[in-house]
Amino acid sequence: MSINPDTPNDVMITVTHTTVTLTAGQLDDPAWNQAQSVLIDRYWSGEVAPDGRHAKARILWSDEALCVRYSCNQAEPLVINSTPQSEKKTIGLWDRDVCEIFIAPTEDAPENYFEFEAAPTGEWLDLGIHFAAGKRETDWEFDSGMTVATRRETDRVVIAMRIPWGPSIPKPQHGDRWRANLFRCVGRGDTRGYLAWQPTRTPEPNFHVPSAFGWLRFD
């Protein structure tokens, strides 16, 4: 599944290398201005979502970690845990407002990927996934060492994740290409929205479609 040199820009994110040692809490560091702004404005189905649900993501990499920051329009009440905790991963985080990134570090094996989630409360979740024959095998004990920071404003939520390199997710080399997708869940009930950078176009909302992943290119 090697990348075609003519792959359209809308399925490729250029991940800029930074010499800044970013922490998750450096939400306004000037280094973020170097990163490509990626619009997440469509539901999983491909339908365009209302502007009040749009998000923009920026991704940087350093010699220490992969850093992802989301800036989310927030035109409706937050759906969050009333008693959040951030000392350990929160299973079921996907049932509330959350931003997610799935990354597959092996270019030709998108069925082996990692799921990272962060909520406006600072809660987080990291999982290892193997997808085969239409079924998911989940490593619930996967421990990436990720950290999260958030800021809630009047009509916007900012969420950042820092994912350090390690045995499972080794530091890329300049020019490497990984498969990936970015998501946002927002709202509740019948109006809940499931946004995807690369729509999965399944009959029901489903982010776990490796064949729909786009690409990260590490500059």
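Structure: above.
Nothing here was measured: the structure is a model prediction, and the numbers come from that model.

Reading the values: the criteria
- Residues numbered from 1 in each chain as written.
- Predicted model: local features only at pLDDT ≥ 70, side-chain atom pairs only at ≥ 80, totals over all residues.
- Heavy atoms only, no water.
- Helix = DSSP H or I, 4+ residues; strand = E, 2+ residues; numbered from the N terminus.
- Rg over C-alpha atoms; globule rule 2.2 N^0.38 Å.
- Core = buried A, V, L, I, M, F, W, Y, C linked by side-chain atoms within 4.5 Å.
- Buried < 20%, exposed > 50% of the residue type's maximum accessible area, 1.4 Å probe, protein only.
- Contact = heavy atoms within 4.5 Å.
- 1 Å grid on protein atoms, 1.4 Å probe; cavity = no way out; pocket = protein on both sides within 12 Å on 5 of 7 lines; lining within 4 Å.
- Points joined across faces, edges and corners; volume = space filled by probe spheres on them.
- Nonpolar A, V, L, I, M, F, W, Y, C, P; charged D, E, K, R; others polar.
- Polar contact = N/O pair within 3.5 Å; in protein donor to acceptor, adjacent residues only side chain to side chain.
- Salt bridge = Lys/Arg side-chain N within 4 Å of Asp/Glu carboxyl O.

A.B. asks: Give me the overall build of the protein chain: which residues, what numbers.
C.D. replies: Broken down by element type, the protein chain carries zero helices and 13 strands. Reading the protein chain from its N terminus to its C terminus gives the helix and strand order β-β-β-β-β-β-β-β-β-β-β-β-β. Over its C-alpha trace the protein chain gives a radius of gyration of 16 Å, about what one expects of a compact globule, namely 17 Å for 219 residues. For the protein chain, the C-alpha atoms occupy an extent of roughly 40 × 40 × 35 Å along the three principal directions.

A.B. asks: Break down the nonpolar core for me, with residues and values.
C.D. replies: Counting 52 residues, the largest nonpolar core has Leu 66, Tyr 70, Ile 103, Phe 116 and Leu 182 as the members making the most contacts within it. Sequence-distant contacts of Ile 103, that is, excluding residues within four places in its chain, are made with Leu 66, Tyr 113, Phe 114, Phe 116, Ile 169, Trp 178, Arg 179, Ala 180 and Leu 216. If you look at the next biggest cluster of nonpolar residues, it comprises seven residues, including Leu 22, Ala 35, Leu 60 and Cys 67.

A.B. asks: Tell me about the layout of surface pockets, and please be specific about residues and values.
C.D. replies: What the largest pocket holds in volume is close to 290 Å³. Around the largest pocket sit 16 residues that line it, and Trp 94, Glu 100, Glu 115, Phe 207 and His 208 are the ones nearest its centre. For the lining of the largest pocket, the per-class residue count stands at seven nonpolar, three polar and six charged.

A.B. asks: Give a detailed account of empty space enclosed by the protein, specifying residues and quantitative values.
C.D. replies: Tallying each qualifying case throughout the model produces one cavity of 30 Å³ or more. Taken as a whole, the largest cavity spans an internal volume of roughly 40 Å³. Lining of the largest cavity is provided by Cys 72, Gln 74, Asp 97, Val 98, Cys 99, Pro 120, Val 157, Ile 159, Arg 184 and Cys 185. For the lining of the largest cavity, the secondary-structure elements that each account for two or more residues are β5 (98-104), β10 (156-164) and β11 (177-186). For the lining of the largest cavity, a count of residues per class yields seven nonpolar, one polar and two charged.

A.B. asks: Describe in detail the side chain of Asp 126, supporting the description with residues and values.
C.D. replies: Tracing the backbone shows Asp 126 in strand β7 (residues 124-132). Exposure remark for Asp 126: the relative accessible area of 0% places this residue in the buried category. Separated by 2.7 Å, the side chains of Asp 126 and Ser 144 make a polar contact. When neighbours within four sequence positions are excluded, Asp 126 is seen to be in contact with Lys 89, Glu 115, Phe 116, Phe 142, Asp 143, Ser 144, Gly 145 and Met 146.

A.B. asks: Describe the pattern of salt bridges, listing the residues and the values that go with them.
C.D. replies: A full pass over the atoms with the stated rule returns eight salt bridges. Between Asp 126 and Lys 89 there is a salt bridge, and its shortest N-O distance comes to 3.0 Å. Here Asp 126 is found in strand β7, whereas its partner Lys 89 is found in the loop between β4 (65-73) and β5, with 37 residues between them in sequence. When its relative accessible area of 17% is taken as the criterion, Lys 89 is described as buried. The partner of Arg 192 in a salt bridge is Asp 97, with the nearest N and O atoms 4.0 Å apart. Pair noted here: Arg 192 is in the loop between β11 and β12 (193-196) and Asp 97 is in the loop between β4 and β5, with a separation of 95 residues, a long-range link. Neither Arg 192 nor Asp 97 differs from the other in exposure class; each is buried. Each of the salt bridges in this network shares a partner with another, and the network as a whole consists of Asp 28, Arg 151, Glu 153 and Arg 156.

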